[in-house]
Amino acid sequence: MEARPAVDDAALGREAMAVLEANWTGSGTVPAPGLYPHQWSWDSAFVVIGLARRRPDRARDELLSLLRGQWSTGMVPHIVFHTREAYFPGPSLWRSQEHAAAPPVLTSGLTAPPLHGLALWWLYRHTGDRDFVRKAYPALVAQHDYLASARDLGGAGLAAIVHPWESGMDDSPAWDQPLHNLPAIHYGYRGVELADRHPDSDHERYVWLAMRYRDAGYSAGYLRDEHPFAVEDPMFNGIWLASCQAMAELAPLARADPAPHLEQAGRIRRALLDRLWDGGFYARDLRAGQLIKVATVGGFGPLLDPELPAEQLRAAVELLESARFMGATGYPVPSCEIRAGQFDRTRYWRGPSWVNTNWLLRRAAAVHSLDHLAQQLTNGTLRLVRQAGFRECFDPFDGSGRGCRDFSWSAALTLDLLA
Ligand code: 2M8
């Protein structure tokens, strides 16, 4: 465990701001210098949330900058490449510039958890800036329309992810089964160096899936009829539901009707309960036609819904607080249940704790007035960053930092937790 000199709240806040300053490129905040040198979609939404009180000007620029990457289909890409810095998979893999729906700025061809509606609401709540709501609202309506039309692959009202990267939890054990069901892949890297953080062949599968989708012209018909990876993820959809509710509250400010957003939220809620609930929320593999019965932090996404029925709320909170999750670890919240065979406390989304999922669960706890749980999540997360710094993720047992340093969402959400 690394020792850090004790820091009080004010100093921690100053450190967090310094990280965000350093990671601001002039046109967006990169998740971390070096490792992630471009703008990532849900990372930016977390940055907007974290900066809402202290730097609303920067929060507004952050969101607009990301939205410059939005496709005319409404799709908000998971990466926007503002700089020339190398990253794999970079623009040469995605080839967005060859696609008629893509904007002039280079982007990836996948999307990410649609947290932006909630982020815009957060910003409004702390600034009262109606003009900005009016400005950003139409883009987020288009984002939600895209999900409802091109991504409802199961036909029941949920958006399907078509790649593990779209979940934001790349190597989560929840994707093991659908990835291993893919056809045998023979893909040569032709000079591309594999990052050592992806030591297994899953990385080849990631690249292969991305290329299949690209070569099909990023077509919605191909996703529906042929793409071999299609999963309804409770976190992605729980976040979408929360953003639909946020958009319903923002709609009158944009002189729009809140009803369609509430209807959308209702459809998502019903489908989450009908399709993903089995004593807990699990991802559904649409290609195998079954639930993926491994409990991960993603299964708590539907807790973000203030109207989640009492039975599911009680059972999900019980699981979260149990010895399968935060009841057993010193720090909240392991990304996979600790009793699962796939749990690995050292490996990215297969065990470590993350500030962003802690923040989302703390938001969920607040929505349900679970004050004690919210406080535990806040204190545990602040303890992590105080002790180990703004690391990418943390060992859930001893709190030591893992992954890269000076990670933007860890810094940004610390600012929110300190407020
Ligand atoms: C991670 O994802 C990227 C791929 O997009 C990667 O593994 O290189 C995930 O943690 C994701 O949630 C995050 O948005 C991204 C940038 O922080 O890194």
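Calculation criteria
- Residues numbered from 1 in each chain as written.
- Predicted model: local features only at pLDDT ≥ 70, side-chain atom pairs only at ≥ 80, totals over all residues.
- Core = buried A, V, L, I, M, F, W, Y, C linked by C-beta atoms within 7 Å.
- Buried ≥ 20, exposed ≤ 12 C-beta atoms within 10 Å, placed from the backbone.
- Helix = DSSP H or I, 4+ residues; strand = E, 2+ residues; numbered from the N terminus.
- Contact = placed C-beta atoms within 7 Å.
- Expected span 1.5 Å × (residues − 1).
- Pairing = 2+ DSSP bridges.
- Axes fitted to C-alpha atoms, helices over the stretch in contact; angles between N-to-C directions.
- Parallel < 35°, antiparallel > 145°, perpendicular 65-115°, else oblique.
- Left-handed = near helix turned anticlockwise from the far one by under 90°.
- Nonpolar A, V, L, I, M, F, W, Y, C, P; charged D, E, K, R; others polar.
- pLDDT = per-residue confidence, 0-100.

S.K.: I would appreciate a short explanation of the nonpolar core in the present structure.
M.R.: Here is a general trend for soluble globular proteins: nonpolar side chains tend to be buried in one another's company. In this structure, Val 48, Ile 49, Ala 119, Leu 120, Ala 160 and Ala 412 are the most contacted members of the largest nonpolar core, which totals 116 residues. Here this core takes eleven residues from helix α11 (residues 234-250), the largest share from any one element. Ignoring any residue separated from it by four or fewer positions in sequence, one finds Ala 119 in contact with Ala 45, Val 48, Ile 49 and Leu 63.

S.K.: Would you take a moment to explain helix α14 (residues 355-367) for this structure?
M.R.: The periodicity of an α-helix, 3.6 residues per turn, causes residues three or four positions apart to be oriented the same way. Look at α14: 18 Å from first C-alpha to last across 13 residues, which is about the 18 Å you get at 1.5 Å a residue. Of all 13 residues making up α14, ten are buried, and the element is well covered by its neighbours. All of the buried residues in α14 are Val 355, Asn 356, Thr 357, Asn 358, Trp 359, Leu 360, Leu 361, Arg 362, Ala 364 and Ala 365. Summarising the contacts, the buried residues of α14 are in contact with α2 (41-51), α15 (371-388) and α16 (408-418).

S.K.: Looking at this model, I keep getting lost on the sheet that holds strand β3 (residues 106-107). Mind explaining?
M.R.: Think of a sheet as strands paired side by side through backbone hydrogen bonds, with each pair either parallel or antiparallel. The strand order across the open sheet built from three strands is β1-β2-β3, with neighbouring strands paired in antiparallel fashion. For this open sheet the edge positions go to β1 (39-40) and β3, each flanked by a neighbour on one side alone. Pairing of β1 with strand β2 (residues 79-81) involves two bridges; the strand directions are antiparallel. Each bridged residue has a counterpart across the sheet, and for Trp 40 the counterpart in β2 is Ile 79.

S.K.: Help me understand the packing of α11 against helix α12 (residues 259-276) in this model?
M.R.: Packed helices, taken two at a time, are described by the angle their axes make and the gap between the axes. For the pair α11 and α12, interaxial distance at closest approach is 8 Å and the crossing angle is 160 degrees. Taken together, the axis directions place α11 and α12 in an arrangement best described as roughly antiparallel. Where α11 crosses over α12, the two elements pack in a sense that is left-handed. Here Pro 234, Asn 237, Trp 240, Leu 241, Cys 244, Gln 245, Met 247 and Ala 248 of α11 lie close against α12, whose contacting residues are His 261, Leu 262, Gln 264, Ala 265, Ile 268, Arg 269, Leu 272 and Leu 276. For the contact of α11 with α12, the class distribution of residues is eleven nonpolar, four polar and one charged.

S.K.: Looking at this structure, I do not really get the environment of Glu 311. What am I missing?
M.R.: Here Glu 311 is to be found in helix α13 (residues 310-321). Classification of Glu 311 by C-beta neighbours within 10 Å gives exposed; the count is 10. Spatially, the C-alpha atom of Glu 311 lies 14 Å from that of Arg 269, the residues being 42 residues apart in sequence.

S.K.: Help me out: how do you make sense of the sheet that holds strand β7 (residues 290-292) in this one?
M.R.: Spatially, β4-β5-β6-β7 is the arrangement adopted by the four strands of the open sheet, whose pairing is antiparallel. The strands lining the two open edges of the sheet, one partner per strand, are β4 (160-161) and β7.

S.K.: Explain unusual backbone geometry to me, please; I cannot follow it from the model alone.
M.R.: Only a minority of non-glycine residues have a phi that is not negative, and only a minority of peptide bonds are not trans. With omega at 5 degrees, the peptide bond leading from Phe 88 into Pro 89 counts as cis. Position of Pro 89 relative to the elements: it lies in the loop between β2 and α4 (91-94). One non-glycine residue, Tyr 218, lies in the positive phi region at around 50 degrees. Within the secondary structure layout, Tyr 218 lies in the loop between α9 (202-215) and α10 (220-225). Looking at Tyr 218, the number of C-beta atoms within 10 Å reads 22, which means it is buried. A positive phi angle, near 55 degrees, is found at Ser 369, a position not held by glycine. Considering the arrangement of structural elements, one finds Ser 369 in the loop between α14 and α15.

S.K.: Looking at this structure, how should I read the environment of Arg 405?
M.R.: For Arg 405, the position within the fold is in the loop between β9 (401-402) and α16. Among the residues examined, Arg 405 registers 16 C-beta atoms within 10 Å and is labelled partly exposed. Sequence separation of Arg 405 and Ser 167 is 238 residues, and the distance between their C-alpha atoms is 22 Å. Discounting chain neighbours no more than four positions away, the residues touching Arg 405 are Gly 389, Phe 390 and Arg 391.

S.K.: When you look at the confidence of the model for the protein chain in this model, what are you seeing that I'm missing?
M.R.: The predicted model of the protein chain averages 95 in pLDDT, with 95% of residues at 70 or higher. Predicted confidence is poor over residues 187-199, with pLDDT under 50, and the contacts of this stretch with residues over four places away or in other chains come to seven contacts. The ipTM value of the predicted complex is 0.98, and its pTM value is 0.96.

S.K.: Looking at this structure, how should I read α2?
M.R.: Summarising burial for α2: eleven of the eleven residues are buried, a large majority. Listed as buried for α2 are Ser 41, Trp 42, Asp 43, Ser 44, Ala 45, Phe 46, Val 47, Val 48, Ile 49, Gly 50 and Leu 51. Of the surrounding elements, those touching the buried residues of α2 are α1 (9-22), β1, α3 (56-67), α5 (116-127), α14 and α16.

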